[in-house]
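# A structural walkthrough
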2 protein chains.
Amino acid sequence: MAARIGTVAIVGVGLIGGSFALALKQANLVDRVVGVGRRQASVDAALKLGVIDHAATDVAAAGSADLVLFAMPVGQMAEAMNALAPHLAAHTLLTDAGSTKQDVVARARQHLGEALPRFVPAHPIAGAEQSGVEAARANLYQDRDVILTPLAETDAASVQRVAELWRACGAKVSEMSPAQHDEIFGAVSHLPHLVAYALVNMLAQRPDGERLLGFAGAGFRDFTRIASSSPEMWRDIALANHAVLQHELTDLQQHFDRLRELLRSGDGAGLERIFGAARAARQDWLKRKGYAQE
Amino acid sequence: MAARIGTVAIVGVGLIGGSFALALKQANLVDRVVGVGRRQASVDAALKLGVIDHAATDVAAAGSADLVLFAMPVGQMAEAMNALAPHLAAHTLLTDAGSTKQDVVARARQHLGEALPRFVPAHPIAGAEQSGVEAARANLYQDRDVILTPLAETDAASVQRVAELWRACGAKVSEMSPAQHDEIFGAVSHLPHLVAYALVNMLAQRPDGERLLGFAGAGFRDFTRIASSSPEMWRDIALANHAVLQHELTDLQQHFDRLRELLRSGDGAGLERIFGAARAARQDWLKRKGYAQE
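Residues numbered from 1 in each chain as written. Chains lettered and ligands numbered in written order. Predicted model: local features only at pLDDT ≥ 70, side-chain atom pairs only at ≥ 80, totals over all residues. Heavy atoms only, no water.

### Observations concerning the pattern of salt bridges
Following the criterion strictly, the structure yields 30 salt bridges over all chains and no others. Of the charged contacts, one joins B:Glu248 and A:Arg206 as a salt bridge, the two residues approaching to 2.7 Å between their closest N and O atoms. Taken together, the positions of B:Glu248 in helix H10 (residues 242-264) and A:Arg206 in the loop between helix H6 (178-204) and helix H7 (209-214) put the pair across two chains. The class of A:Arg206 is buried, set by a relative accessible area of 18%. The partner of A:Arg225 in a salt bridge is B:Asp222, and the shortest N-O contact between them spans 2.9 Å. (Salt bridge = Lys/Arg side-chain N within 4 Å of Asp/Glu carboxyl O. Helix = DSSP H or I, 4+ residues; strand = E, 2+ residues; numbered from the N terminus. Buried < 20%, exposed > 50% of the residue type's maximum accessible area, 1.4 Å probe, protein only.)

Pasting the structure below:
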């Protein structure tokens, strides 16, 4: 059972930050939630929805909280950290919900100063396809992975405390290094997003793009669902994890080379081997994840 | 209102052929459905389900039908056409449900002889993610596209009649050349399948593949859903449409080159332009198709 926490400040009150606030409230672990946003209207909306108890547009309002969660696109973290640092109380715990970790860690080193040991980098794996505080819900993190990527200098007690709170939200918490995190999510999440964006863009911009897409069906809809994700958020992720993504794109290009060679030589057995191995691996994965077989 | 047809023979009684039979029965347009399969057990299952009225494993049983539908993976069409040709009645209409058209047309030219003008190549766009006669249903083609790709020598009356029957199944019928068909579906369907297969295979075969995939979530599940499609069916499609697919893979590789260049140079505006254009095109497409916005 997690100990109660006094004031939690959510900097960036959207789906991710809002759901964290609601989950802590539902677990009866928090006294007061301060929401900080860039636009008054968005924090007012969060206040009206009961997601937060106090709305602010100046990040200084988060300075005396017991826990601060940075929950915004990773490209905006540096500015928020920099603005908050001078106002931070000596005991405030800090964490984030950024989709990439090495760059967030670099920004934290740059801007958090003495508070660095109390910063626990985190990535909750949830909700990337929705957005906005209106979509926030207390059970968003139920059975979802939350990855913590503590640094050598991170306080063990701070890691413990942040892990405890995420578990109280229903999450499965694991730890790895920031570099490992970025490699893993570069492969299983960032790469598919870039591929989906590239493929939709390639077809849509052809002279007959509209007619082409008119014949696309349910398979295409599922395959490209992630291409409807926020361009701003994914620009930030792509820039933050550019080295891993360059490598992954190159690797996939080499797999395409292999496919083209099999097509050129009419090697049906070779193609079927790749398709069959992919199908088997995916069916296996669905099972391990507890997803319904398709 | 379509005129009734006497006997329809379905060669390959799975989801596609079975659903065509059920739809014609529901429309009260058919007197008798003969099902031909390679295995006795599978045609017996179709008989038991009431999808067909007579079960056979010898394709000669389809020879005197008023309409024959070839509904099997495109790699098996040649054999079926060749086996049926000597038994064909002089009035029998022929059509198919193959996912590629240029190769099916080539096989038809090779094997159908004098019956060629009565062969109407067709591709119903439905159900590629399921399979088996157990999944067959009368409404599978409701509001789905069916593409006819008649040849110069195809009888206009035969095209008319086949179109009429597909419309009676609820389908939206359109016509194009076999080459146009293969280019369009190579782009919007076959290419995404190859990409999904390649990406799953690439990650799964890595030494840490199982751990990697353990962190993949709902976005990955949707993106890779088509990688659970039948390897045999997609081997045939890939081989049949190899030229278009080689070209499409090369084009996508070039779009990856462009992404890698933007990542390398840290061009956030360039990345956001591509992501934003893809997102806008997809939202537009969802709307045009009458799909729910996501």
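Structure shown, so let's carry the discussion forward.
### Examining the relation of the copies chain A and chain B
Overlaying chain A with chain B gives an RMSD of 0.0 Å, the required rotation being 180 degrees about an axis along which the chain moves by 0.0 Å. Classification of the inter-copy transformation places it as that of a two-fold axis. When C-alpha distances to the rotation axis are compared across chain A, the minimum falls at A:Phe223, with a value of 2.0 Å. Comparing interface residues between copies, 100% of those in chain A also lie at the interface in chain B; the contact surface is shared. (Least-squares fit on C-alpha atoms with pLDDT ≥ 70 in both. Contact = heavy atoms within 4.5 Å.)

### Examining helix H1 (residues 15-26) of chain A
All names here are of chain A. In this model, H1 (12 residues) spans 16 Å end to end at C-alpha, consistent with the 16 Å of a helix rising 1.5 Å per residue. H1 sits mainly inside the fold: 10 of its 12 residues count as buried. All buried positions along H1 are accounted for by Leu15, Ile16, Gly17, Gly18, Ser19, Phe20, Ala21, Leu22, Ala23 and Leu24. Check the buried side of H1 and you find it contacts strand E1 (5-11), strand E2 (30-36), strand E4 (67-70), strand E7 (122-124) and helix H5 (156-168). Asn28 sits one or two residues past H1 and shows a positive phi near 55 degrees. (Expected span 1.5 Å × (residues − 1).)

### Concerning the sheet that holds strand E5 (residues 93-96) of chain B
Residues and elements named next belong to chain B. With respect to topology, 6 strands assemble into an open sheet ordered E3-E2-E1-E4-E5-E6, the strand pairing being parallel. Strands at the two margins of the open sheet, each flanked by one partner only, are strand E3 (54-56) and strand E6 (119-120). Of the strand pairs in this sheet, strand E4 (residues 67-70) and E5 are connected by 4 bridges, and their pairing is parallel. Across the sheet, Leu69 pairs through a bridge with Thr95, a residue of E5. Contacts between helix H1 (residues 15-26) and the sheet are confined to strand E1 (5-11), strand E2 (30-36) and E4, with E1 contributing the most and set at about 165 degrees to the helix. (Pairing = 2+ DSSP bridges. Axes fitted to C-alpha atoms, helices over the stretch in contact; angles between N-to-C directions.)

### Side note on the confidence of the model for chain A
Here chain A averages 95 in pLDDT, and 99% of its residues register 70 or above. Under the prediction, the complex receives an ipTM of 0.90, its pTM being 0.90. (pLDDT = per-residue confidence, 0-100.)

### Some remarks on the packing of aromatic side chains
Tallying each qualifying case throughout the model produces 14 aromatic pairs over all chains. Considering the side-chain rings of A:Tyr197 and B:Phe275, the 4.3 Å spacing of their centres and the 15 degrees angle between planes classify their relative orientation as stacked. Placement of A:Tyr197 in helix H6 and of B:Phe275 in helix H11 (residues 268-289) is noted, with the two residues assigned to different chains. On the accessibility criterion, B:Phe275 (0% relative accessible area) is buried. Taken together, A:Phe20, A:Tyr141 and A:Trp166 form an aromatic cluster joined through their ring pairs. Sitting over the face of the ring of B:Tyr291, A:Arg221 holds its NZ or CZ atom 4.3 Å from the ring centroid. (Phe/Tyr/Trp six-rings, centres within 6.5 Å; stacked < 30°, edge-to-face > 60°. Lys NZ or Arg CZ within 6 Å of the ring centre and 35° of its normal.)

### Describing the sheet that holds strand E9 (residues 172-175) of chain B
Residue and element names in this part refer to chain B. The mixed open sheet is built from 3 strands, whose spatial order is E7-E8-E9. Looking at which strands have only one partner, the edges of the open sheet turn out to be strand E7 (122-124) and E9. Pairwise comparison of adjacent strand axes, ignoring direction, gives a mean angle of 20 degrees for this sheet. Here 4 bridges tie strand E8 (residues 145-148) to E9, and the two strands are oriented parallel to one another.

### Some points on the environment of B:Val30
Residue and element names in this part refer to chain B. Following the sequence through the fold, Val30 ends up in strand E2. We classify Val30 as buried; its relative accessible area is 9%. Each C-alpha atom, one on Val30 and one on Arg4, is 5.9 Å from the other, the two residues being 26 residues apart in sequence. Here Val30 is in contact with Arg4, Ile5, Gly6, Val8, Leu24 and Lys25, once residues within four sequence places are set aside.

### Some details on the domain arrangement of chain A
All names here are of chain A. Taken domain by domain, chain A comprises domain 1 (5-175) and domain 2 (180-289). Averaged C-alpha coordinates put domain 1 and domain 2 at centres separated by 31 Å. With both sides pooled, the region where domain 1 packs onto domain 2 buries about 1,200 Å², and carbon together with sulfur makes up 63% of that total. Seen at the junction of domain 1 and domain 2, the total is 0 salt bridges. Counting across the interface, domain 1 meets domain 2 through 5 residue pairs in polar contact (both at pLDDT 80 or more). Those elements that provide at least two residues to the side of domain 1 that touches domain 2 are helix H4 (102-111) and strand E8 (145-148). (Domains from an automatic or database assignment. Buried area = accessible area lost by both parts, 1.4 Å probe. Polar contact = N/O pair within 3.5 Å; in protein donor to acceptor, adjacent residues only side chain to side chain.)

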